[in-house]
Amino acid sequence: MIAGGVLVLTCGAILSTRGIGASDDRLFPKEFVAFGPFRYMRNPMSFGAVTLLCGLGLLERSLSLLLFAVLLFLFLHFVVVLVEEPGLEKRFGNSYRSYKLSVNRWLPSHRRKVVERT
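Reference entry: report on the structure contained in this document. It should be emphasised that the depicted structure is a prediction, and the values quoted were computed from it without experimental measurement.

Notes on the pattern of salt bridges
Here is step 1 of the chain: Inspection of every chain in the model, using the stated rule, returns four salt bridges.
Here is step 2 of the chain: Residue Glu-85 is joined to Arg-105 by a salt bridge in which the shortest nitrogen-to-oxygen separation is 2.8 Å. Pair noted here: Glu-85 is in helix H3 (residues 63–92) and Arg-105 is in the segment after helix H4 (94–102), with a separation of 20 residues, a long-range link.
Here is step 3 of the chain: What makes Arg-105 partly exposed here is its relative accessible area of 23%.
Here is step 4 of the chain: Measuring nitrogen to oxygen at the nearest pair gives 2.7 Å for the salt bridge that ties Glu-89 to Lys-100. Remark: Lys-100 occurs in helix H4 and Glu-89 occurs in helix H3; sequence separation between them is eleven residues.

Pasting the structure below:
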């Protein structure tokens, strides 16, 4: 639970300080972020949220919380595959495509061929 919470907060801090600038569109990063946990998995923030919920479900011995964590993961997976990744490919082009080839979507990898920014 703690690891998931720390991961979510770390990713939020990275995105808010490195990726999102003072442009007209403050909700979307203007540069590609492959720093910190993003070097090891493509969706560490979502992974952290699901991990936090799983930990809470185990702590509370709640089958409904564990089921909710599974449903959240499935929902996030479909959003990532159908919406987020195509949008990132459109925005960042080849840099995101090479990142996708170098870093796993959900499980941490230790391959470091990724350029930090483009």
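Next comes the rest of the account.
Regarding H3
Here is step 1 of the chain: The terminal C-alpha atoms of H3, which comprises 30 residues, lie 40 Å apart, in line with the 44 Å expected from a rise of 1.5 Å per residue.
Here is step 2 of the chain: In the structure, H3 departs most strongly from a straight axis at Val-80, where the bend amounts to approximately 45°.
Here is step 3 of the chain: Buried residues of H3: Ala-69, Leu-76, Val-80, Glu-85 and Phe-92, and no others.
Here is step 4 of the chain: If you follow the buried residues of H3, they end up packed against helix H2 (44–60) and H4.
Here is step 5 of the chain: Positive phi appears at Gly-93, one or two residues downstream of H3, with a value of about 60°.

Comments concerning the nonpolar core
Here is step 1 of the chain: Counting residues in each nonpolar core, the largest one holds ten residues, listed as Leu-7, Cys-11, Ile-14, Phe-32, Ala-34, Phe-38, Phe-92, Tyr-96, Tyr-99 and Val-103.
Here is step 2 of the chain: Within the residue set of this core, elements represented by two or more residues are helix H1 (2–19) and H4.

Each value, and the rule that gives it
- Residues numbered from 1 in each chain as written.
- Predicted model: local features only at pLDDT ≥ 70, side-chain atom pairs only at ≥ 80, totals over all residues.
- Heavy atoms only, no water.
- Salt bridge = Lys/Arg side-chain N within 4 Å of Asp/Glu carboxyl O.
- Helix = DSSP H or I, 4+ residues; strand = E, 2+ residues; numbered from the N terminus.
- Buried < 20%, exposed > 50% of the residue type's maximum accessible area, 1.4 Å probe, protein only.
- Expected span 1.5 Å × (residues − 1).
- Bend = angle between axes of the 7 residues up to and from the residue.
- Contact = heavy atoms within 4.5 Å.
- Core = buried A, V, L, I, M, F, W, Y, C linked by side-chain atoms within 4.5 Å.

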